[in-house]
Amino acid sequence: MGCCDLRQPFETVLLSFDERVAEMPIESSMIRAELEEVRELLQWLHLRELFSDDPDRAKRLSLSLDGIHCDFSKQRVSPEALRLLCAWAEESGVGDAIADMFAGKRINRSENRPALHVALRRSSGPFPDEAFDVMPDVVATRERMAAFAEELRGGEGDAPIRDVVNIGIGGSDLGPKMMTYAMRSIAHPTLRIHTVSNLDGAQLAPLLQTLDPRATLFIVVSKTFTTQETLLNAHTARAWLAANLGEAADLRNYFAAISSNVEKAVDFGVAPERIFPIWDWVGGRYSLWSAVGLALMTAIGPQAFDAMLRGAERIDEHFRTAPFPCNLPVLMALIGVWNTNFLGAETSAVLPYNESLRYFPPFLQQLEMESNGKSVGVDGKRLRELASPIVWGGLGNNGQHAFFQLLHQGGRLVPCDFIVAARSDYPLPNHHEALLANCFAQSAALAFGRTEDEARDDMEKSKLDPAKIEELLPHRTFAGNQPSTTLLLSAITPENLGALVALYEHKTFVQGVLWGVNPFDQWGVELGKSLASRILPAVREPERAQGLDASTRELLAFSRDYLL
Ligand code: F6P
């Protein structure tokens, strides 16, 4: 796998399509129409034909950036489609939007805030500019986090901490949880990190049974410090500590908090020196690089955490400077939009093969669906096209024995992202070769399928009865033409993981621009929250159910019979 300076396009970048059609000028107003024409053409072409027409397709449509190789060749795009998509991105203002984000403009318009998560991984300042430089706060917080994490890792004092419990939900849970699991091969050998997010006591209660209250630290992570799930879990943790440590214990020794609401964290009972800030210019789902990553930093150590930030920072630089035809996040975004809005895909599957990436699909679900799952644009008007697809997925190898059947023969268009690291983080003889073979086999099978003739040949070779062959033929034929991208990491390293997440963050941002939505707000989560607070009193008291809808009243009535 080739490595390159991220600021320089890799030698096989998608530039060759420019050579073929370089002199064809694009009338901006015509780009959409031209894309429609290309779509008409491409929808009748099979990936088999695209590959046989261009023997260099795999090289031509692949791009490597340091430890990440990205193969787009099994996407149902042509060089011309990509050229037009890049031109369309230019016309849609993606370049200006990127510049605005890095300049610290208030691109989160509905909340009148900048989106400065890139500051969290910068190695130097000022940023975004001298007038509004967030770097002193960022660096000071990083240093405080490192000191705190080292103290925990050092295990000093009379009662050293052995278990760290991250209490948070959404962006205050998914990122740290995903990364801590992904990097457990380099984690502290004895400190155990746990995450609790669900309101259901069935998550916290069994965990508490395994913990020693004298050796447990709870990190309450909540940007707002008003999130019901997090606060309830935190209060239960505090009650458990009080019950087990006795009245005299100073419970503040067992808590730290990450929040922008210091007052509420202090009211809860966290010592001010153990409260780490998060700023209003960081969205929850973009926050794992901040103090929200404290549990992660405690697990892997400040150096590895820094390496993760460096990986992300290099992608930031690439994203900011690379021309669109060789800009990875921009290409990922454009291909996603192509699949959704031109080819009509309703969903998009994320299929990591490394066990360590088990929690990447749920992380990505929040990132993409909470950012772009909208049907009203920044201008307040209804979108004319659908925005985010439904993002779903799971470990690829497990999925092969479960839901892949539908991907192969279900007749639906489901674009897939295959993600795998070439080197194992837990080498066992023969395992990783088999894992890679399975990953590569699945994307090839989905792309190229198996024709009737091939299926017949295979069965004839196994000497099957001719009548049986004809009976089985329709079942053993695979249509193929299922588009996928393969993201091949050199290894599961902090740098590569940081880079991987930053790639998807920027992809999500670019898609928000193309769809015309604000990827940094999430008004859609509010209605359910406020209804839950109206319904809560009625869970136990029937008279409080008046005014609720008939279905809810029935559900409450049935539940009351069983509620303990
Ligand atoms: O309800 C959605 C949400 O606001 C997410 O955007 C966020 O990541 C999560 O809840 C947790 O919020 P907080 O960090 O404020 O507890």
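Only a predicted model underlies this, so the values are computations on that prediction, with no experimental measurement involved. (Residues numbered from 1 in each chain as written. Predicted model: local features only at pLDDT ≥ 70, side-chain atom pairs only at ≥ 80, totals over all residues. Heavy atoms only, no water.)

### Brief notes about the overall build of the protein chain
Link 1 in the chain: In terms of helices and strands, the protein chain carries 23 helices and 11 strands.
Link 2 in the chain: A globule of 564 residues ought to have a C-alpha radius of gyration of about 24 Å, and the protein chain, at 26 Å, matches this closely.
Link 3 in the chain: For the protein chain, the spread of C-alpha atoms along the three principal axes comes to 80 × 65 × 60 Å.
Link 4 in the chain: Sorting the 564 residues of the protein chain into buried and exposed places 52% on the buried side.
Link 5 in the chain: If you take every contact in the protein chain between residues at least 6 apart in sequence, the share linking residues at least 24 apart comes to 75%.
Link 6 in the chain: Here the protein chain has roughly 25600 Å² of accessible surface; of this, 52% comes from carbon and sulfur atoms. (Helix = DSSP H or I, 4+ residues; strand = E, 2+ residues; numbered from the N terminus. Rg over C-alpha atoms; globule rule 2.2 N^0.38 Å. Buried < 20%, exposed > 50% of the residue type's maximum accessible area, 1.4 Å probe, protein only. Contact = heavy atoms within 4.5 Å. Areas by Shrake-Rupley, 256 points an atom, 1.4 Å probe, with all protein chains shown as cover.)

### Overview of helix H5 (residues 79-91)
Link 1 in the chain: With 13 residues, H5 should reach 18 Å at 1.5 Å per residue; the first-to-last C-alpha distance of 18 Å fits that figure.
Link 2 in the chain: Counting buried residues along H5, 10 of its 13 residues qualify, which places the element largely inside the surrounding structure.
Link 3 in the chain: Listing the buried residues of H5 in full gives Pro79, Ala81, Leu82, Arg83, Leu84, Leu85, Cys86, Ala87, Trp88 and Ala89.
Link 4 in the chain: Gly93 occupies a position one or two residues after H5 and carries a positive phi of about 85°. (Expected span 1.5 Å × (residues − 1).)

### Regarding the pairing of strand E9 (residues 390-393)
Link 1 in the chain: In the sheet, strand E8 (residues 347-352) pairs with E9 via four bridges, with the strands oriented parallel. Paired with Ala349 across the two strands is Trp392, which belongs to E9. (Pairing = 2+ DSSP bridges.)

### Quick look at the sheet that holds strand E5 (residues 216-221)
Link 1 in the chain: Across the sheet, which stays open at both edges, the five strands sit in the order E4-E3-E5-E6-E7 with parallel pairing between neighbours. Across the chains shown, the open sheet's two edge strands, defined by having one partner strand only, are strand E4 (192-196) and strand E7 (275-277). Taken over all neighbouring pairs, the strand axes of this sheet differ in orientation by 20° on average, direction set aside.
Link 2 in the chain: In the packing of helix H9 (residues 201-210) onto the sheet, the strands contacted are strand E3 (163-167), E4 and E5, and the crossing angle to E4 comes to about 155°. (Axes fitted to C-alpha atoms, helices over the stretch in contact; angles between N-to-C directions.)

### Examining the site of the ligand
Link 1 in the chain: Contacts to the ligand come from 14 residues, most closely from Gly171, Ser172, Ser222, Thr224 and Thr227.
Link 2 in the chain: In this structure, Ser172 approaches the ligand through a side-chain N or O atom, which is 2.7 Å from an oxygen atom.
Link 3 in the chain: A distance of 2.8 Å separates an oxygen atom of the ligand from a polar atom in the backbone of Lys223.
Link 4 in the chain: Coverage of the ligand by the protein chains reaches 87% of its 400 Å² of free accessible surface.
Link 5 in the chain: Residues of the shell around the ligand, tallied by class, amount to two nonpolar, nine polar and three charged. (Near = heavy atom within 4 Å. Polar contact = N/O pair within 3.5 Å; in protein donor to acceptor, adjacent residues only side chain to side chain. Nonpolar A, V, L, I, M, F, W, Y, C, P; charged D, E, K, R; others polar.)

### Points about the confidence of the model for the protein chain
Link 1 in the chain: On average, residues of the protein chain carry a pLDDT of 94, and 95% of them reach 70 or more.
Link 2 in the chain: Considering only residues more than four positions removed or in separate chains, one finds that residues 1-26, a stretch of pLDDT under 50, has 60 contacts. (pLDDT = per-residue confidence, 0-100.)

### Digging into the nonpolar core
Link 1 in the chain: Grouped together as the largest cluster of nonpolar side chains are 118 residues, with contacts concentrated most on Trp338 and Phe360.
Link 2 in the chain: The element that contributes the greatest number of residues to this core is helix H21 (residues 494-515), accounting for 11 residues.
Link 3 in the chain: When sequence neighbours within four positions are dropped, the list of residues in contact with Phe360 reads Met178, Val350, Ile419, Leu500, Val501 and Tyr504. (Core = buried A, V, L, I, M, F, W, Y, C linked by side-chain atoms within 4.5 Å.)

### Some thoughts on the sheet that holds strand E10 (residues 416-421)
Link 1 in the chain: Taking strand neighbours across the sheet as the criterion, the six strands line up as E1-E2-E11-E10-E8-E9 in an open arrangement whose pairing is mixed. Only two strands of the sheet have a single partner each, and these edge strands are strand E1 (62-65) and E9. Neighbour to neighbour, the strand axes of the sheet diverge by 15° on average, direction disregarded.
Link 2 in the chain: Pairing of E8 with E10, which is carried by four bridges, proceeds in the parallel orientation. Its bridge partner being in E10, Val350 is matched across the sheet by Asp417.

### Comments concerning unusual backbone geometry
Link 1 in the chain: Across the junction of Gly125 and Pro126, the peptide omega takes the value -5°, indicating a cis bond.
Link 2 in the chain: Along the chain, Pro126 turns up in the loop between helix H6 (94-102) and helix H7 (135-154).
Link 3 in the chain: The step from Phe127 to Pro128 runs through a cis peptide bond, and the omega angle for that step is -5°.
Link 4 in the chain: Turning to its location among the elements, Pro128 is positioned in the loop between H6 and H7.
Link 5 in the chain: Of note in this structure, Asp66 is not a glycine but carries a positive phi near 45°.
Link 6 in the chain: Among the secondary structure elements, Asp66 is positioned in the loop between E1 and strand E2 (68-71).

### Considering the packing of helix H8 (residues 174-182) against H21
Link 1 in the chain: Taken N-terminus to C-terminus, the directions of H8 and H21 make an angle of 145°; their axes are 11 Å apart at the nearest point. Like other packed secondary-structure pairs, H8 and H21 cross with a definite hand, here right-handed. Mapping the contact onto sequence places Met178, Met179 and Ala182 in H8 and Leu497, Gly498 and Val501 in H21.
Link 2 in the chain: Across the contact of H8 with H21, the residue classes break down as five nonpolar, one polar and no charged. (Left-handed = near helix turned anticlockwise from the far one by under 90°.)

### Describing the packing of aromatic side chains
Note on aromatic pairs: each is described by the distance of the centres and the angle between the planes.
Link 1 in the chain: One pass over the structure, following the stated rule, counts 20 aromatic pairs.
Link 2 in the chain: Here the aromatic rings of Phe403 and Phe404 are separated by 5.5 Å at their centres, their planes lie at 40°, and the arrangement is tilted.
Link 3 in the chain: Phe403 gets classed as partly exposed once you look at its relative accessible area, which sits at 25%.
Link 4 in the chain: The ring of Tyr359 carries Lys177 above its face, with NZ or CZ at 4.7 Å from the centroid. (Phe/Tyr/Trp six-rings, centres within 6.5 Å; stacked < 30°, edge-to-face > 60°. Lys NZ or Arg CZ within 6 Å of the ring centre and 35° of its normal.)

### What to know about the side chain of Gln511
Link 1 in the chain: Turning to its location among the elements, Gln511 is positioned in helix H21.
Link 2 in the chain: Once residues within four sequence positions are removed from consideration, Gln511 is found in contact with Met332, Ala333, Gly336, Val337, Glu368 and Asn372.

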